[in-house]
Amino acid sequence: MRLKILAPAGGWNSLLAAVKVGADVVYLGGKAFNARQYAENFSLDEMRRAVEFSHAHGTEVYVTVNTLIFDEELEAVAHYLEDLYDSGVDAVIFQDLAVLKLAKRFSPKLKLIASTQTTTHNVEAVRFFEKLGVDGVILSRELSLDEIREIRSKTDLWLETFVHGALCFSYSGACLMSSIIGGRSGNRGRCAQPCRKRYSLLSSKGKVLAEGHLLSMKDLNLSKHLRELVDAGVDSLKIEGRMRRPEYVATTVDVYRKALIAALKGLNPNQRDIKRLSLVFNRGFTEGYLYGGQGREMMNYERPDNVGVKVGVVSSTKRGFLTISLSEDLRVGDGVEIACNGEKVGFIVRELRVGGRKVEVAKPGEEATLPFNGKVRVGAVVHKTRDVLTVEWTEQLIRNALREASHSKAKLHGRGRSHGCEEAVSTTQSSGSILAVIRGGVAYSPAGERTIQRPASAEGESASLLKLSVSVGDLESIRRAVDAGAERVIFGGDFFKPRKPLSFNRLGEGVDYCREHGVEFILSTPRITRNRELQLIKESLNHVKSLNPDGVIVGNYGTLNLFLEEGFSHVYADYFLNVTNSLSISIMRELGVKGVTLSPELTLKQIASLHKDGVEVECIVHGPLELMVSEHCILRSILSPSGRCSSPCVKDSYFLRDEKGFLFPLACDQSCRLHVFNSRDLCMVDELGRVADAGADYVRVDARLRKPEHVQSMVKAYREVIDGRVDSFEAKKRLRGVGASFTRGHFFRGVL
């Protein structure tokens with residue numbers, strides 16, 4: 001199979017440019033259900049034309065349907081998938097398992113690729129999707145070359161990896177920061193990019209240790225490492241950038257296509273071509289995690305936007321003019337930016353003079369004078385942020401492509417009828433076959449209104465029917481939680497320093513204490529389990545079985561697959577698996593999952609609409625939600641600049657302070673991953689009746705960051721409200737003395 005280059009197409013011009021420079025595949029999104037809702041995107045009619053044009057040039061079209069889906073959207077998604085197949089698209093990229101199931105049922109010939117939003121980062125996760133009939137997976141950006149090679153050796157699935165573009169600080173699909181802070185969900189395509197904002201790093205005493213764009217990563221650039229990726233067995237090289245301009249798309253595809261040809265011949269890429277990548281957009285470049293790097297060189301703390309290319313320094317200024325001592329070419333029409341006193345001044349070069357005469361281009365070593373009315377200092381660095389030759393080249397590509405398209409007499413040969421994307425999103429036509437897939441009591445009225453067939457007793461349930469679950473971080477907290485009235489304790493998984501993982505003998509003490517008091521003990525597994533960690537879990541399975549916990553809760557598809565295959569009868573899916581609809585719950589049930597912790601991005605109204613028969617449903621109701629998990633530890637990067645970690649995480653506790661003054665707790669786990677938690681504790685102690693009425697079986701207090709005495713107070717408050725022994729407002733008042741300020745999360749407001 002020939003290695004393919006995937007090009008981003010956020011809009012029509014980017015698609016034309018990508019196809020004309022030789023992209024093997026373009027990936028794009030429709031007006032709904034795609035993870036780049038702020039891109040231009042494509043209507044269904046535009047998508048048909050995009051398929052026609054692309055196929056005429058031998059380029060495939062993949063469409064992203066890679067957001068989480070809510071119940072009220074399931075039917076529209078089903079119709080949309082049929083429309084995409086009828087339009088001739090070659091593949092669909094998905095995040096939500098519901099999309100997978102709907103596609104398999106209604107568009108079975110569509111090629112299906114699991115998005116990087118599924119956080120696929122180990123062999124078992126790939127095997128999970130292989131068993132579900134997926135054609136390929138897009139691997140997490142955090143994987144090393146050795147890990148990619150290992151995955152390749154154990155699967156025949158199409159493997160896709162990112163080679164260029166923006167890097168998220170958090171694992172993709174594992175970030176709630178934009179969602180919780182501002183209601184703009186990254187899982188729904190509306191990320192506000194909080195990782196590009198300014199933060200201060202604070203110690204527990206409030207001392208400012210660093211300031212800047214502390215979560216902003218440089219852009220990935222693997223153009224010099226394509227041979228290694230080829231040898232590792234990657235099938236597809238993906239370029240990020242559906243929010244970028246057409247000249248970015250044209251240049252990156254052209255450069256990577258040429259670099260790949262060279263790599264396949266055993267040659268190095270042309271350095272002039274590689275330099276072109278800096279001219280279109282860069283935050284500084286990094287090799288990312290390909291060789292295991294996790295240090296400061298991956299970050300750009302100074303600025304989160306395009307840094308361009310240095311072309312010189314200001315050598316003199318006069319009223320209305322400035323002179324630049326050039327180290328690179330500068331042309332009329334180029335865009336430049338000058339930094340001075342913390343401010344950035346950017347403009348298009350309209351006139352250039354060298355030696356008093358007007359020129360179109362000034363060369364390195366020359367003194368170029370240009371009109372300028374601002375204030376800058378001598379010695380200020382000048383960067384080129386727009387290359388006019390690249391822009392003009394791209395515009396010519398697009399003009400040629402438009403001319404071809406207008407002269408083409410080819411007709412669109414789709415695969416059949418089409419609803420239309422806009423129709424599908426708002427359709428009220430109910431299909432019996434679609435409804436049959438959405439199982440067990442979920443129905444649509446003839447008018448398209450959802451009705452949920454639930455037992456009559458479900459309506460008006462009181463909080464007294466809820467069961468209380470608590471996740472804790474140490475052995476003493478297990479005892480305190482049990483003594484305070486927890487009915488289920490979740491323990492294990494990620495241990496946040498200075499705490500350390502316990503031996504199985506010590507774990508057994510926790511199991512025994514729970515069992516003696518009639519409390520369920522659920523063993524948790526780490527949220528991220530790379531291949532090496534997964535192997536340790538496999539080697540420990542006999543110990544896990546000897547503990548005989550009442551269940552195991554998992555946070556990624558790899559550990560889910562492992563424990564289901566090992567025959568564990570009580571496997572629970574944590575909220576990290578982003579379950580947001582009835583069909584995903586149904587899929588979990590069919591897989592053998594005992595219970596699901598719902599996504600915290602659901603409202604109470606949406607939770608109430610879910611069909612939950614056969615699966616225990618849990619909601620997180622208290623504690624700081626985990627917003628990010630990252631392989632990059634800013635504590636090591638900032639506090640151990642020499643490179644060797646001085647273990648600051650075991651000596652103190654730390655916070656990120658944003659520009660509004662909110663403090664976000666940081667915690668490092670046993671594998672030195674950084675976890676970022678919300679600045680405010682979720683608290684629903686005074687709304688437990690509504691949570692019960694929405695159909696939850698369990699409510700969970702997340703107390704992993706709390707001291708044992710605080711765990712006891714928190715659990716006791718919830719226990720007494722559930723039992724009706726304390727007024728909920730009094731309980732909330734008591735809880736204010738335990739933690740931070742409170743939020744109701746998305747239970748009432750929802751997400752965009």
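Residues numbered from 1 in each chain as written. Predicted model: local features only at pLDDT ≥ 70, side-chain atom pairs only at ≥ 80, totals over all residues. Heavy atoms only, no water.

### Here's the deal with the overall build of the protein chain
Across its full length, the protein chain holds 24 helices and 38 strands. A globule of 752 residues ought to have a C-alpha radius of gyration of about 27 Å, and the protein chain, at 27 Å, matches this closely. Each of the three principal axes of the protein chain carries a C-alpha extent, and together these read 90 × 65 × 45 Å. Considering only contacts in the protein chain between residues 6 or more positions apart, those separated by 24 or more positions represent 72%. As presented, the protein chain carries roughly 29200 Å² of accessible surface, and 48% of it is formed by carbon and sulfur atoms. Side-chain charges of the protein chain comprise 104 positive and 92 negative groups, with the mean position of each set lying 5 Å from the other. (Helix = DSSP H or I, 4+ residues; strand = E, 2+ residues; numbered from the N terminus. Rg over C-alpha atoms; globule rule 2.2 N^0.38 Å. Contact = heavy atoms within 4.5 Å. Areas by Shrake-Rupley, 256 points an atom, 1.4 Å probe, with all protein chains shown as cover. Lys, Arg positive; Asp, Glu negative; His and termini not counted. Charge placed at Lys NZ, Arg CZ, Asp CG, Glu CD.)

### So, the layout of surface pockets
Rolled over the atoms, a probe as big as a water molecule pinpoints where empty space is left. Its volume calculated, the largest pocket comes out at about 840 Å³. Every residue lining the largest pocket is counted, 43 residues in all, and those nearest its centre are Ala-35, Arg-36, Cys-168, Cys-191 and Glu-240. Approximately 640 Å³ is the volume found for the second largest pocket. Together, 29 residues line the second largest pocket, and Ser-653, Pro-665, Leu-666, Leu-705 and Arg-706 are the ones closest to its centre. Among the secondary structure elements, those contributing two or more residues to the lining of the second largest pocket are β33 (654-657) and β34 (663-668). (1 Å grid on protein atoms, 1.4 Å probe; cavity = no way out; pocket = protein on both sides within 12 Å on 5 of 7 lines; lining within 4 Å. Points joined across faces, edges and corners; volume = space filled by probe spheres on them.)

### Notes on the sheet that holds strand β22 (residues 381-386)
Here we have 8 strands laid out as an open sheet, ordered β17-β16-β22-β13-β14-β21-β18-β19, and antiparallel in their pairing. Of all the strands in the sheet, the pair left with one neighbour each is β17 (343-348) and β19 (357-359). Strand-to-strand twist in this sheet, taken as the mean axis angle between neighbours without regard to direction, amounts to 40 degrees. (Pairing = 2+ DSSP bridges. Axes fitted to C-alpha atoms, helices over the stretch in contact; angles between N-to-C directions.)

### Description of the packing of aromatic side chains
Taken as a whole and assessed by the stated rule, the structure comprises 11 aromatic pairs. Aromatic pair Phe-491 and Phe-495: ring centres 5.5 Å apart, planes at 85 degrees, arrangement edge-to-face. For Phe-495, a relative accessible area of 7% translates into the label buried. Taken together, the ring pairs connect Phe-94, Phe-128, Phe-129 and Tyr-557 into an aromatic cluster. Above the face of the Tyr-27 ring, Lys-238 is positioned so that its terminal group lies 4.2 Å from the ring centre. Taking NZ or CZ as reference, Arg-488 lies 3.7 Å from the ring centre of Tyr-698, over its face. (Phe/Tyr/Trp six-rings, centres within 6.5 Å; stacked < 30°, edge-to-face > 60°. Buried < 20%, exposed > 50% of the residue type's maximum accessible area, 1.4 Å probe, protein only. Lys NZ or Arg CZ within 6 Å of the ring centre and 35° of its normal.)

### What about the packing of helix α5 (residues 123-131) against helix α18 (residues 557-565)?
Interaxial distance between α5 and α18 falls to 7 Å at its minimum, and their mutual angle equals 70 degrees. When the axis of α5 is compared with that of α18, the two are roughly perpendicular. Listed contacts from α18 to Glu-124, Ala-125, Arg-127, Phe-128, Phe-129 and Lys-131 of α5 are Tyr-557, Gly-558, Leu-560, Asn-561, Leu-562 and Glu-565. When its residues are assigned to classes, the contact of α5 with α18 shows 6 nonpolar, 2 polar and 4 charged. (Parallel < 35°, antiparallel > 145°, perpendicular 65-115°, else oblique. Nonpolar A, V, L, I, M, F, W, Y, C, P; charged D, E, K, R; others polar.)

### Quick word on the pattern of salt bridges
For the coordinates displayed, the defined rule picks out 59 salt bridges. Close ionic contact of Glu-73 with Arg-188 constitutes a salt bridge, the shortest N to O distance being 2.8 Å. Of the two residues, Glu-73 sits in the loop between β3 (60-65) and α3 (74-87) while Arg-188 sits in the loop between α7 (177-182) and β8 (199-203), which places them 115 residues apart along the sequence. The same class applies to Glu-73 and to Arg-188, which are both buried. Its salt-bridge partner being Glu-590, residue Lys-101 comes within 2.8 Å of it at the nearest N-O pair. Taken together, the residues span a long stretch of sequence, with Lys-101 in helix α4 (residues 97-106) and Glu-590 in helix α19 (residues 582-591) at a distance of 489 residues. For Lys-101, a relative accessible area of 19% translates into the label buried. Salt bridges linked by common partners bring Glu-487, Arg-719, Glu-720, Asp-723, Arg-725 and Arg-734 together as one network. (Salt bridge = Lys/Arg side-chain N within 4 Å of Asp/Glu carboxyl O.)

### Regarding unusual backbone geometry
That bond from Lys-497 to Pro-498 is cis: its omega, 15 degrees, falls within 30 degrees of zero. Along the chain, Pro-498 falls in the loop between β26 (488-492) and α15 (504-516). The backbone phi angle of Phe-33 is positive, close to 65 degrees, even though this residue is not glycine. By the element assignment, Phe-33 lies in the loop between β2 (25-29) and α2 (44-56). We classify Phe-33 as buried; its relative accessible area is 7%.

### Focus: the side chain of Glu-160
By secondary structure assignment, the location of Glu-160 is in strand β7 (residues 158-165). Taking the relative accessible area as the measure of exposure, Glu-160 reaches 0% and is therefore buried. Non-local contacts of Glu-160, meaning those with residues more than four positions away in its chain, are made with Leu-6, Tyr-62, Ile-113, Val-137, Ile-138, Leu-139, Ser-236 and Lys-238.

### Brief notes about α18
Burial analysis of α18 places 8 of its 9 residues in the buried class, the great majority of the element. Those residues of α18 lying buried are Tyr-557, Gly-558, Thr-559, Leu-560, Asn-561, Leu-562, Phe-563 and Leu-564. Two or three places before Gly-558, at the start of α18, stands the capping residue Asn-556, its side-chain oxygen 2.8 Å from that residue's backbone nitrogen. Two residues or fewer past α18, Gly-567 is found with a positive phi of approximately 85 degrees. (Polar contact = N/O pair within 3.5 Å; in protein donor to acceptor, adjacent residues only side chain to side chain.)

### Focus on the pairing of strand β16 (residues 335-340)
Among the 6 residues in β16, 5 count as buried, and that is most of the element. Between β16 and β17, which pair antiparallel in sequence order, lie 2 residues; one of them, Asn-341, sits at a positive phi of approximately 55 degrees. In this structure, β16 lies alongside β22, joined through 4 bridges in antiparallel fashion. Residue pairing across strands places Gly-335 opposite Arg-386, the latter belonging to β22.

### Observations concerning the sheet that holds β33
Strand order in the open sheet made by the 6 strands is β9-β8-β33-β34-β35-β32, with antiparallel pairing throughout. On the outer flanks of this sheet lie β9 (208-212) and β32 (626-630), each paired with one strand and no other. Neighbouring strand axes in the sheet, compared pairwise and without regard to direction, differ in orientation by 25 degrees on average.

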